[in-house]
Structure formats: structure tokens, C-alpha cells
Amino acid sequence: MTGIMQFAASGPRPLWYATRASGTIALLLLTATAVLGIAVGGRYAPQRIARFEISALHRNLSVLTLAFLGLHIVTTIADPLVPVSWWAAAVPFVSSYRAPWLGLATVASDMLLAVAVTSAVRLRLGRRRWKAVHWLAYAAWPVALVHATPGTDARLPLQLGLYTGCLAAVVTVVCWRLYRAGPGRVAARLSAALTALAVPAALGGFLFSGPTHARGGAPATPLTVRYGQSSARAPHGGSP
Amino acid sequence: MPKRHSLRVDPISCDGHGLCAELLPELIGLDEWGYPVLRATEVPGTLLDHARRAVAACPVLALRLDRASR
Ligand code: HEM
Ligand code: SF4
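Residues numbered from 1 in each chain as written. Chains lettered and ligands numbered in written order. Predicted model: local features only at pLDDT ≥ 70, side-chain atom pairs only at ≥ 80, totals over all residues. Heavy atoms only, no water.

Spelled out, the test is: UniProt positions are given in the numbering used here, feature names are shortened, and annotations may be inferred rather than shown by experiment.
In the annotation of an unreviewed UniProt entry, chain B is listed under the name Ferredoxin and assigned to Streptantibioticus rubrisoli. Taken verbatim from the UniProt record of chain B, the Cofactor (unreviewed entry) comment is "[3Fe-4S] cluster".

Chain A is annotated in an unreviewed UniProt entry as Ferric reductase-like transmembrane domain-containing protein from Streptantibioticus rubrisoli.

1. Thoughts on the coordination of the iron atom of ligand 1
Residue and element names in this part refer to chain A. Threshold: Coordinating donors are taken to be N, O and S atoms lying within 2.8 Å of the metal, or within 3.2 Å when the metal is Na, K or Ca; because water is excluded from the atom set, some sites may appear incomplete. Geometry is assigned from donor-metal-donor angles: four donors are tetrahedral when every angle falls between 85 and 135 degrees, four are square planar and six octahedral when opposite donors sit over 155 degrees apart with all other angles between 65 and 115, and any other arrangement is irregular. Helix numbers and strand numbers start at the N terminus; a helix is a DSSP run of H or I with at least 4 residues, a strand a run of E with at least 2. Three labels apply to residues, based on accessible area from a 1.4 Å probe with only protein chains included: buried if under 20% of the type maximum, exposed if over 50%, partly exposed otherwise in between.
For the iron atom of ligand 1, the full set of protein donor atoms is H58 (NE2) and H134 (NE2), at a range of 1.9 to 2.0 Å. Taken together, the 6 donor atoms coordinating the iron atom of ligand 1 and their angles of 85 to 179° define a geometry best described as octahedral. Note that H58 is positioned in helix 3 (residues 51-78) and H134 in helix 7 (residues 127-134), a separation of 76 residues in sequence. Take H58: its relative accessible area is 16%, and that puts it in the buried class.

2. Some thoughts on the confidence of the model for chain B
All names here are of chain B. Let me state the cut-off plainly: Residue-level confidence of the predictor is what pLDDT reports, using numbers from 0 through 100.
Of the residues in chain B, 94% reach a pLDDT of 70 or more, and the chain-wide mean stands at 89. Of all helices and strands in chain B, the one with the weakest mean pLDDT is strand 4 (residues 63-69) (85), whereas helix 2 (residues 48-57) scores best (94). For this predicted complex, the interface confidence score (ipTM) comes to 0.88, while the overall pTM stands at 0.83.

3. Remarks on the nonpolar core
Filter applied, for reference: Take the buried residues of types Ala, Val, Leu, Ile, Met, Phe, Trp, Tyr and Cys, join any two whose side-chain atoms come within 4.5 Å, and each joined set is a nonpolar core. The contact criterion used is simple: two residues touch if any of their non-hydrogen atoms lie within 4.5 Å.
Counting 24 residues, the largest nonpolar core has W141, L145, Y163 and V174 of chain A as its most contacted members. Those elements that provide at least two residues to this core are helix 2 (14-41), helix 5 (99-120), helix 8 (136-148), helix 9 (157-180) and helix 10 (186-208) of chain A. When sequence neighbours within four positions are dropped, the list of residues in contact with L145 of chain A reads L27, Y163, L167 and L203 of chain A. Counting residues in hydrophobic clusters, the runner-up holds 20 residues, among them L7, I28, L47 and A62 of chain B.

4. Some remarks on the UniProt feature "transmembrane region" (unreviewed entry) in chain A
Residue and element names in this part refer to chain A. The sites that UniProt annotates as "transmembrane region" (unreviewed entry) are residues 20-40, 61-81, 101-120, 132-148, 160-179 and 186-208. End-to-end, the C-alpha atoms of residues 61-81 are 31 Å apart, and along that stretch the chain is 86% helix and 0% strand. A helix fraction of 100% and a strand fraction of 0% characterise residues 101-120, whose end C-alpha atoms lie 29 Å from each other.

5. Section: the site of ligand 2
Operational definition: Near is defined per residue: the residue qualifies when any heavy atom it owns lies within 4 Å of the molecule or strand. Only Asp, Glu, Lys and Arg are considered charged in this grouping, and only Ala, Val, Leu, Ile, Met, Phe, Trp, Tyr, Cys and Pro are considered nonpolar; every other residue, Gly among them, is considered polar.
The full set of residues close to ligand 2 is C14, D15, G16, H17, G18, L19, C20, P36, C58, V60 and A62 of chain B. Split by residue class, the shell around ligand 2 holds 7 nonpolar, 3 polar and 1 charged.

6. Observations regarding the interface of chain B and chain A
Interface size, as often reported, equals the accessible area lost upon joining of the parts. To be explicit about the condition: Here's the idea: put two parts together, see how much 1.4 Å probe accessible area each one loses, and the total over both is what we call buried area. Between Lys or Arg on one side and Asp or Glu on the other, a salt bridge is scored when a side-chain nitrogen of the former is within 4 Å of a carboxyl oxygen of the latter. N or O atoms within 3.5 Å of each other form a polar contact, as long as, within protein, one can give a hydrogen and the other can take it, and as long as residues adjacent in sequence are counted only when both atoms are side-chain atoms.
Across the boundary between the two partners, chain B contributes 16 residues, which contact 12 residues of chain A. Between chain B and chain A lies a buried interface of about 1,300 Å² when both sides are counted; carbon and sulfur atoms form 56% of it. It is H17, E22 and L61 of chain B that lose the most area in chain B upon contact with chain A, and together they represent 40% of the buried surface on that side. Our count for the contact surface shared by chain B and chain A stands at 1 salt bridge. For R51 of chain A, the salt bridge identified is with E22 of chain B, shortest N-O distance 3.5 Å. Between the two partners, chain B and chain A, sit 8 residue pairs in polar contact (both at pLDDT 80 or more). Residue assignment for the side of chain B that touches chain A shows that the elements contributing at least two residues are helix 1 (19-23) and helix 2 of chain B. Tallied by class, residues from the side of chain B that touches chain A come to 10 nonpolar, 3 polar and 3 charged.

7. What about the site of ligand 1?
Residue and element names in this part refer to chain A. Within the structure, ligand 1 sits among 23 residues, and H58, K131, H134, Y138 and R177 are positioned closest to it. A distance of 2.7 Å is found between a nitrogen atom of ligand 1 and a side-chain nitrogen or oxygen belonging to H58. K131 places a side-chain nitrogen or oxygen 2.6 Å from an oxygen atom of ligand 1. The set of elements that each furnish at least two residues to the shell around ligand 1 consists of helix 2, helix 3, helix 5, helix 7 and helix 8.

8. Focus on the pattern of salt bridges
Residue and element names in this part refer to chain B. One pass over the structure, following the stated rule, counts 4 salt bridges over all chains. Among the ionic pairs, R4 bridges to E42, the shortest N-O distance being 3.6 Å. Residue R4 is found in strand 1 (residues 3-9), and its partner E42 is found in the loop between strand 3 (36-38) and helix 2; the two are separated by 38 residues along the sequence. Note on R4: relative accessible area 36%, which makes it partly exposed. E42 gets classed as partly exposed once you look at its relative accessible area, which sits at 39%. A salt bridge links D66 to R8, with the shortest nitrogen-to-oxygen separation between them at 2.7 Å. Highlighted residues: D66 in strand 4 and R8 in strand 1, separated in sequence by 58 residues. A relative accessible area of 29% means that D66 is categorised as partly exposed. The exposure class assigned to R8 is partly exposed, which follows from its relative accessible area of 40%.

9. A short note on unusual backbone geometry
Even without being glycine, R43 of chain A reaches a positive phi, approximately 55°. By secondary structure assignment, the location of R43 of chain A is in the loop between helix 2 and helix 3. Looking at R43 of chain A, the relative accessible area reads 37%, which means it is partly exposed. With phi around 55°, L61 of chain B is a residue other than glycine that occupies positive phi space. Classification of L61 of chain B by relative accessible area gives buried; the value is 7%.

Spelled out as C-alpha cells, the structure:
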């Protein structure tokens, strides 16, 4: 309740809300895209839906993901209260604003861009080269999630629930995919499964240790409109 | 000049995903293990778009459409 009150009190900042909303939607779409891609890779063959439909959904949702990711980036740059340049959105770790988190965001979106661009020309690229780049999706997804966890909304239980759901979905299908990739290559599959399970463990520990207290980068003065704290640092509105 | 288009499955890369048969049942059937069997390799003009979609859909790019001028 108090969270909602302060949410309303934080003032009209359309770009800031658009950034957070589009980021959240992009993460959900990215999760769905990854889950569907893993389903294709593991040759998921349900009774009711055709396999080409799963594959088509994977491809179409990836385009929608990039659309929301684009919106997320554009609103971030356009927002005068977030000192992020076009340059910083394209090249990792050159921004001083909340440096580690923004750097991760740039790494993730660059990887996704590479995955998408190579997919558009995959018939010409050939299977091997295309797939070599496509594996990057597995790296981009957790990086995107880590980028999202210190966000303003990550304080809200609903948002945390969303992240947990995304994590559970991806870890589950990855384990299924590794099971389907068998038999054989047991060591490789087991270590991949352990890596997949280490992601939620690491992220959980990271959240408990308080990510927004992380140092490095400029003090994030105007933007830390934190829920459950005094609104003294909120730039607009705040206390009437 | 009329072009001939012919379908080809690379049996080594084909994983038996079966997407191609879903999209082009006129020319592609599946054997009992889910691997494609071409009913005919030559693609008539009316099926060309469908053949292209089947080729693009194959997850491992094992289905190819070759073009040769006659
Ligand atoms: C940024 C967007 C995308 C993401 C995050 C993504 C992610 C993934 C993931 C995680 C897999 C599972 C790989 C595996 O375990 O084998 C996969 C598979 C696949 N994706 Fe994507 N993908 C994206 C875009 C696309 C696009 C645009 C296409 C269109 C051609 C595509 C086609 C495929 C295919 C055919 C597979 C199955 C590969 C195989 O069985 O070897 N993906 N994708
Ligand atoms: S879609 Fe590709 S992998 Fe699947 S059966 Fe057809 S040719 Fe083989």
C-alpha cells in the first residue's frame, strides 16, 4: 500500500515510467523468446500446436522483444534526468551513470542485436556461423536480468515475482533441453546444468546483499526514487 | 526463361524436426522416425512460395532449394 502511495506521489514523469514499463515488457518478451527458442532447439513436439508454429512464434516474439528494447533505450536516452548518451547505449561501460548496470545493459543489447541480425541472414550465413552467434542468446538473457534487478521497481514484490517467474521458466526449460540433448556428453551437460542453476543462486545472493548500495559510478542522485524510503531525493513531486 | 527448382534434404544435418513436412505436405512426408521423405524433388511454380517457407523454417537449415536454369 505505502509502495503504491509513494508511486503516485513520485510525480508525472512519463519518460521515466515509459523506460521502466518498456524494460519490463522487453524482459518478459525476451524470456518468452528464449523459452520458445529452447523448445525449438530441444525439438519440442506438442500434440496441439505444430512445430513450425513454435518456431514462428520464437522468431516473431524476438522482433517484438527488440521493438520494446528499442523503446526502452530511446526513452532512456531521451529522459533528461538520466544522463545516458547514444554513445553509452551502444558501447559498454563508457557511461558513468550507474556504470555497472548500464554497462551490462549495453552488453546484453549488443549481443541480442548480433543474434537478431545474423538470424535475418541465416540462410546466407549457413547453419554453423549462424548458430555460433545464436548461442550468445544464452549469455544475453541472464545479463539482461542482472541489469534489471537493481532497478527502481525491483523493490516491488510484484516485480520481484515477475523476475522469479522468468528465472524459473528459463532454468526449467534449459534443464529439459539438456536432458533432451542426451544421451552422451554427460560431463558437458551436467556442467551446463550446474551453470544454469548457479544463475538463480548468484542472483538471489546478490539481491540479498543489496544491489542498490553498490558503489562505482556517479552517485545516482536524482533517479533513485526508491519506494519505502523518504522521498527527499525524489526530483519531482515528492512530498507536496 | 523458366527456372527449375528442386528440393534437397541434407541427411547429415537433418535432425528430424519435421517442420518442413508441416509446411509442405504436398512434397514432403515423414518416415516412421520423423525424418523427411521427398515425394518429388521438383517444385512446381504453385508451390514455390511454400517451399521457400519450408526451407526458411528448418531449424538446422537441412532443407535446401536449388535453382537451375533449363
Ligand atoms: C534476439 C532474439 C532471439 C533470441 C534471444 C533467441 C534465443 C534462442 C535460444 C535461447 C535458442 C535455443 C538454442 C538451443 O538451445 O539450441 C534459440 C533457438 C533457435 N532460434 Fe532463436 N533467438 C532469437 C531470434 C531468432 C530469430 C530472429 C530466428 C529466425 C531465424 C531464430 C531462430 C532460431 C532457431 C531456428 C532455433 C533452433 C536452433 C537449433 O535447433 O539448432 N531465433 N533461439
Ligand atoms: S525441418 Fe529440417 S531438420 Fe526437420 S525434418 Fe525437415 S529438413 Fe529435417
